[in-house]
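Examining the three-dimensional arrangement
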Amino acid sequence: MFEKYRSVSLILRIIIGLAVGVLLGTTVPTLTGIGLMGDLFVGALKGIAPVLVFFLIMAAVSHYQKGSETHFGSVIVLYLTATLLSAFAAVGASYAFPVRLDLTKVAKTAASGPKDLGTVLTDLFNNAVTNPFQAVASGNYLAILFWALMIGFALRLTSAQTRQVITDLSEAITNVAQTVIQFAPFGIAGLVFKTVSAKGLAGIARYGQLVALLVGTMAFVYLVLYPLMVWVMTRQNPYPLTLWTLRVSGLPAFFTRSSAVNIPINLQACEDLGLNKKSYAVSIPLGGSANSGGAAITVSVMTLAACATLNIPVSFPLAIILCFLTALAATGASGIAGGSLLIIPMAASIFGISNDIAMEVVGVGFVIGVIQDSVETAVNSASDLLFTATAEYRDRRRAGEKVDITAAVRGAIAKERGGAPAKDAVQRAAVKPAE
């Protein structure tokens, strides 16, 4: 029975779960127990994801050999560049289509956020050296990354048998995470039911202009700006890979609203593409914390909307400072659902906006979060996969290999559907030219 269930495409099952959630949310909104499926699904993913990331990075680093082919440099450059360019795109969109907020009617409160860059940097460094067991238990991905790297490098000095044990544990935990992912349609049905039953289909209609600006900017970034980056790096048509990553990674992330819990899906997608596991085993978890283009857009747009509401002039130099500050602060926010909103008070502080007003803006963010945070997470998570693949294809091309990205995507689709041609297609995607 379970194998028959798994034989159906995960994307199709997710779409069915979405439709069921909407139907139940509109017809029987009082059956609150249905939402429990969503809570259990997200809870299970959040529980396994920190452990998965910890062991994946340890295993990858412990087997790293000096001179072996990895693509960390290219991946990191892409992550940082994408986050900064996303902030610039958000500022440009806010200048072109200014939005004013109705702050006086927002009574929601939120947790206190950082107010200055020094606080952000201090918190980042302090979080990075948190007790590793506490980090895994609390889902502190900065500390998980730091300690996994440290322990992984230390494991390089141990015996091959010890390193193999870590690898076996990593694979076992990955299998557990993949099993949890198979129940995504039920979880998504529960999550959608909770949203529709609580807010209704038109529950956020009065914030439509702000939502349109945010979603439109994110769509422009992912469908225009990011493909341009891919083309510059690979000199090939970027859209087969761009659209595939959006479907395979972006759609599930849209519903789970956390890049961290979408890590197992991205890892499987990298395997389907035939990428180098030594590289993506680290770059995908790293992207869950460090690749934050969607978060940079949210912070920039919301901050400039507050400035427009308060009639605060935004000079070009201040806008540039906002872009760099947002790109820096957004790093680390994408691993947590709604994490980017608490960066807003820090960004707003450079325009002299008081913390009380900034927290009202955060309140608006929570109101529209059902769409804003979902789209933001889809952009962040899908681009983790997009840039991991792009970095490897770019390095292969520079090394003199023939790389056919379209063939690689076709091979991944065939493998996703269980088709036999997958292996051959992946092999055709990267073939060294004859000597």
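Residues numbered from 1 in each chain as written. Predicted model: local features only at pLDDT ≥ 70, side-chain atom pairs only at ≥ 80, totals over all residues. Heavy atoms only, no water.

**Remarks on the UniProt feature "transmembrane region" (unreviewed entry) in the protein**
Basically, it comes down to this: UniProt positions are given in the numbering used here, feature names are shortened, and annotations may be inferred rather than shown by experiment. To qualify as a helix, a DSSP run of H or I must reach at least 4 residues; to qualify as a strand, a run of E must reach at least 2; elements of each kind are numbered from the N terminus.
When the UniProt feature table is mapped onto this chain numbering, "transmembrane region" (unreviewed entry) sits at residues 12-34, 40-64, 76-97, 133-155, 210-233 and 318-344. Between the C-alpha atoms that bound residues 76-97 the distance is 31 Å, and the span itself is 95% helix and 0% strand.

**Examining a nonpolar patch on the surface**
The criterion, for reference: Like charges within 9 Å and nonpolar side chains (Val, Leu, Ile, Met, Phe, Trp, Tyr) within 5 Å are joined into patches, using only residues over 30% in relative accessible area that form no salt bridge. Each accessible area value is a Shrake-Rupley result obtained with a 1.4 Å probe; residue values ignore everything except the protein chains displayed when judging cover. Each reported salt bridge corresponds to a side-chain nitrogen of Lys or Arg within 4 Å of a carboxyl oxygen of Asp or Glu. Three exposure classes are used, based on accessible area relative to the maximum for each residue type with a 1.4 Å probe and protein chains only: buried under 20%, partly exposed in between, and exposed over 50%.
A surface patch of nonpolar side chains, about 430 Å² in accessible area, is lined by F220, L223, V224, Y239 and L243. Of all elements in the fold, only α10 (208-234) and α11 (239-256) reach the threshold of two or more residues within the nonpolar patch. Examining the composition of the nonpolar patch, we find that three residues originate from one element, α10, more than from any other. Looking at the secondary structure, you find F220 in helix α10. Overall, the relative accessible area of 42% leaves F220 in the partly exposed class.

**With respect to α10**
In an α-helix, one turn spans 3.6 residues; hence positions three or four apart end up facing the same way. Under the convention used in this document: One less than the number of residues in a helix, times 1.5 Å, gives the span that helix is expected to have. Throughout, the bend at a residue refers to the angle made by two axes, fitted to the seven residues ending there and to the seven starting there.
In a regular helix each residue adds 1.5 Å, so 27 residues correspond to 39 Å; α10 covers 37 Å between its end C-alpha atoms and thus fits that length. Where α10 bends most, the angle comes to about 35 degrees, and this point is V221. Positive phi appears at R235, one or two residues downstream of α10, with a value of about 60 degrees.

**Concerning the packing of helix α3 (residues 36-62) against helix α8 (residues 160-181)**
Note the cut-off: Angles here are taken between N-to-C directions and fall from 0 to 180 degrees, while the axes themselves are lines fitted to C-alpha atoms, restricted in helices to the stretch in contact. Roughly parallel means an angle under 35 degrees; roughly antiparallel means over 145; roughly perpendicular covers 65 to 115; every other angle is labelled oblique. Handedness of a crossing follows from how the near helix is turned relative to the far one, being left-handed for an anticlockwise turn of less than a right angle and right-handed for a clockwise one. In this analysis, two residues are considered to be in contact whenever any of their non-hydrogen atoms come within 4.5 Å of each other. Residues are grouped as follows: Ala, Val, Leu, Ile, Met, Phe, Trp, Tyr, Cys and Pro are nonpolar; Asp, Glu, Lys and Arg are charged; all remaining types, including Gly, are polar.
The geometry of α3 relative to α8 is characterised by a closest axis approach of 9 Å and an angle of 155 degrees between their N-to-C directions. Between α3 and α8, the angle is such that the two are roughly antiparallel. The handedness of the crossing between α3 and α8 comes out as left-handed. Counted together, F41, A44, L45, I48, V51, L52, F55, L56, M58, A59 and S62 of α3 and R163, I166, T167, L169, S170, I173, T174, V176, A177, V180 and I181 of α8 form the full contact between these two elements. In the contact of α3 with α8, the residues fall into 17 nonpolar, four polar and one charged.

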